[in-house]
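A closer look at the structure
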Amino acid sequence: MELIPDRMRAAVLFGPGDIRVTEKPVPVPGPEEVLVRVAMCGTCGTDLKIYDGHFPLTPPFGSFTPGHEWTGTVTAAGSAVDEFAPGDRVCIEAHSGCGRCDNCITGRYTACLNYGNQAKGHRATGMTTDGGFAEYAVHHVRALYRLPEELSFEEGVLLTTAGTGLYGIDVAGGYVAGLDVVVFGPGPVGLTTVQVLKALGAGRVILVGTRPSRLELGKRLGADHVINASLADPVPAILELTGGDGADMTIECSGGLGVPQQCAEITKRGGKIVVVAFYPDKVTFDLSAVVRKDISMYTSRGEGGNNVKRAVALAAAGKLRGSEMVTHHFPLEEIAEAFRVVRERDGDPVKVVLVP
Ligand SMILES: [Zn+2]
Ligand SMILES: [Zn+2]
């Protein structure tokens, strides 16, 4: 049995734009939780919002440790846990619902009605409770998945991300075999979504983005066509590729303010638009065109619906490659520098991970 120290190094947010590594007590798992020794923790746009102090319901400055895409090894299990044992390598979903509200009861736990209410059992690691930019983190077993032996921790970090696209497809009715699908945004969510779509038997997957390095990676990871929207309007190109009808399904992972309008224009009559992105401002687009074309629109938040479990299965089968997206490793002490690299996109990062 591994010896668990009392104190650990953890990144703590002291105020907007002020994050430092400090010492704090190793958290103690509750009855239904485990303690995990963190191997690595990914960063994303949500971390930048948290870093800037623009995220609701985070714990107070001076104590809060962010980080919601982490993976590692179980070192201790709570009294009611028999699903996991010390030594198990695990990956996570960020959200653990309260388990008692209407939405949790019907399985929609990323829409938990007690979001942020710890007394009622809700936890969103690294968002409403301490997360994985630390040596250790606790997590509820209902949001934890065993990482198969053949998968590295780099793969494990991306499984949380892959759950987002899978959940979006799930919410939109699933079953994409034979469909032509357009994915906007070749970030980690878009790039995992491309792979998942191919694994689900999609016809052609068309990836649209603005950075050539990411589009190249998208091609290597399975996109049939890539379109650089910074060179030309992607709408005519997509319509040409789809015989003038448009895509059967469009998945918006970019968060670009002009992209929802493009989605409306390039989705086939009777098709589906799935939005899993967040936007820096209110979005304007021709909703009447969506209605006129009888398009169904769906949104989903995060990696719900047990879809990280599906991501684990696809990765174990070799159909979802995450480690190729991990472009930068930083030691935990350099977290502020890592956030700068993510924000300024310095060196074309795709997924930047912190190693405690
Ligand atoms: Zn994230
Ligand atoms: Zn709930």
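Overview of the structure. None of the values given here were measured: they were computed from a predicted structure. (Residues numbered from 1 in each chain as written. Chains lettered and ligands numbered in written order. Predicted model: local features only at pLDDT ≥ 70, side-chain atom pairs only at ≥ 80, totals over all residues. Heavy atoms only, no water.)

Some remarks on the overall build of the protein chain
Looking only at helices and strands, the protein chain has 10 helices and 17 strands in total. Against the globule reference of 21 Å for 356 residues, the protein chain gives a C-alpha radius of gyration of 20 Å, in line with a compact fold. In terms of principal-axis extent, the alpha carbons of the protein chain reach across some 65 × 40 × 40 Å. Expressed as a percentage of its 356 residues, the buried residues of the protein chain come to 54%. Long-range pairs, those at least 24 residues apart, make up 69% of the contacts in the protein chain with a sequence separation of at least 6. As presented, the protein chain carries roughly 14700 Å² of accessible surface, and 52% of it is formed by carbon and sulfur atoms. (Helix = DSSP H or I, 4+ residues; strand = E, 2+ residues; numbered from the N terminus. Rg over C-alpha atoms; globule rule 2.2 N^0.38 Å. Buried < 20%, exposed > 50% of the residue type's maximum accessible area, 1.4 Å probe, protein only. Contact = heavy atoms within 4.5 Å. Areas by Shrake-Rupley, 256 points an atom, 1.4 Å probe, with all protein chains shown as cover.)

Focus: the pattern of salt bridges
Counting across every chain of the model gives 18 salt bridges. Between Glu23 and Arg7 there is a salt bridge; the shortest N-O distance is 3.3 Å. Of the two residues, Glu23 sits in strand 2 (residues 18-25) while Arg7 sits in strand 1 (residues 7-15), which places them 16 residues apart along the sequence. Accessibility expressed as a relative area gives 44% for Arg7, which makes it partly exposed. Of the charged contacts in the structure, one is a salt bridge between Arg343 and Asp52, with a shortest N-O distance of 2.9 Å. One end of the pair, Arg343, is in helix 10 (residues 335-344); the other, Asp52, is in the loop between helix 1 (45-51) and strand 4 (69-77), with 291 residues separating them in the sequence. With relative accessibility at 40%, the residue Arg343 sits in the partly exposed group. The partly exposed category is assigned to Asp52, whose relative accessible area is 25%. Among the charged side chains, a network of salt bridges with common partners joins Glu337, Arg340, Glu344 and Asp346. (Salt bridge = Lys/Arg side-chain N within 4 Å of Asp/Glu carboxyl O.)

A closer look at the packing of helix 6 (residues 234-241) against helix 7 (residues 259-266)
Two elements in contact, helix 6 and helix 7, have axes whose closest approach is 10 Å; the angle formed by their N-to-C orientations is 25°. Judged by the inter-axis angle, helix 6 sits roughly parallel to helix 7. In this structure, the crossing between helix 6 and helix 7 has a hand that is right-handed. Contacts between helix 6 and helix 7 pair Pro234, Val235, Ile238 and Leu239 from the former with Gln262, Glu265 and Ile266 from the latter. Here the contact of helix 6 with helix 7 is built from residues that sort into 5 nonpolar, 1 polar and 1 charged. (Axes fitted to C-alpha atoms, helices over the stretch in contact; angles between N-to-C directions. Parallel < 35°, antiparallel > 145°, perpendicular 65-115°, else oblique. Left-handed = near helix turned anticlockwise from the far one by under 90°. Nonpolar A, V, L, I, M, F, W, Y, C, P; charged D, E, K, R; others polar.)

Overview of the nonpolar core
Of all hydrophobic cores here, the largest spans 41 residues; its most connected members are Leu159, Val183, Leu197, Ile251 and Leu320. If you list the elements that add at least two residues to this core, you get helix 3 (153-171), strand 10 (181-184), helix 4 (188-199), strand 11 (205-209), helix 5 (212-220), strand 13 (247-252) and helix 9 (307-316). For this core, the element with the highest residue contribution is helix 3, accounting for 6 residues. Not counting residues up to four positions away in its chain, the partners in contact with Leu197 are Ile169, Val176, Val181, Val183, Ala202, Val205 and Ile251. (Core = buried A, V, L, I, M, F, W, Y, C linked by side-chain atoms within 4.5 Å.)

Quick notes on the coordination of the zinc ion (ligand 1)
Donor atoms from the polypeptide that coordinate the zinc ion (ligand 1) comprise Cys44 (SG), His68 (NE2) and Glu69 (OE), at 2.1 to 2.2 Å from the metal. Every donor residue of the zinc ion (ligand 1) comes from the same chain, spaced as C-x23-H-E. Taken as a pair, Cys44 in the loop between strand 3 (33-42) and helix 1 and Glu69 in strand 4 lie far apart in primary sequence, 25 residues in all. Both residues of the pair, Cys44 and Glu69, count as buried. (Donors = N, O, S within 2.8 Å, 3.2 Å for Na, K, Ca; no water.)

Things to note about the coordination of the zinc ion (ligand 2)
For the zinc ion (ligand 2), the full set of protein donor atoms is Cys98 (SG), Cys101 (SG), Cys104 (SG) and Cys112 (SG), at a range of 2.3 to 2.4 Å. Considering all 4 donor atoms around the zinc ion (ligand 2), angles at the metal cover 103 to 119° and the coordination shape is tetrahedral. Read N to C, the donor residues that coordinate the zinc ion (ligand 2) are spaced as C-x2-C-x2-C-x7-C. A single burial state applies to Cys98 and to Cys104, both of which are buried. (Tetrahedral: all angles 85-135°; square planar, octahedral: opposite > 155°, others 65-115°.)

Let's talk about the side chain of Thr161
Along the chain, Thr161 falls in helix 3. Discounting residues that sit within four places of it in the chain, Thr161 has contacts with Glu69, Pro188, Val189, Thr192 and Lys351.

A short note on the sheet that holds strand 11
Strand order in the open sheet made by the 6 strands is 12-11-10-13-14-15, with parallel pairing throughout. Across the chains shown, the open sheet's two edge strands, defined by having one partner strand only, are strand 12 (225-228) and strand 15 (296-299). Across this sheet, the average inter-strand angle for adjacent strands is 20°, counted without regard to direction. As defined by bridge partners, strand 13 adjoins strand 14 (residues 267-275) across 5 bridges and the pair is classed as parallel. When the bridges of strand 14 are listed, Ile251 appears paired with Val274. Contacting strand 10, strand 11 and strand 12, helix 6 runs over the sheet at an angle of about 160° to strand 12. Contacting strand 10, strand 13 and strand 14, helix 7 crosses the sheet at an angle of about 150° to strand 14. (Pairing = 2+ DSSP bridges.)

Brief notes about unusual backbone geometry
A negative phi holds for most residues other than glycine; trans holds for most peptide bonds. In the Ramachandran plot, Asn306 falls in the positive-phi region, its phi being about 65° despite a non-glycine side chain. Summarising the element assignment, Asn306 is placed in the loop between strand 15 and helix 9. Phi is positive for Arg345, close to 50°, though the residue is something other than glycine. Structurally, Arg345 can be placed in the loop between helix 10 and strand 17 (351-355).

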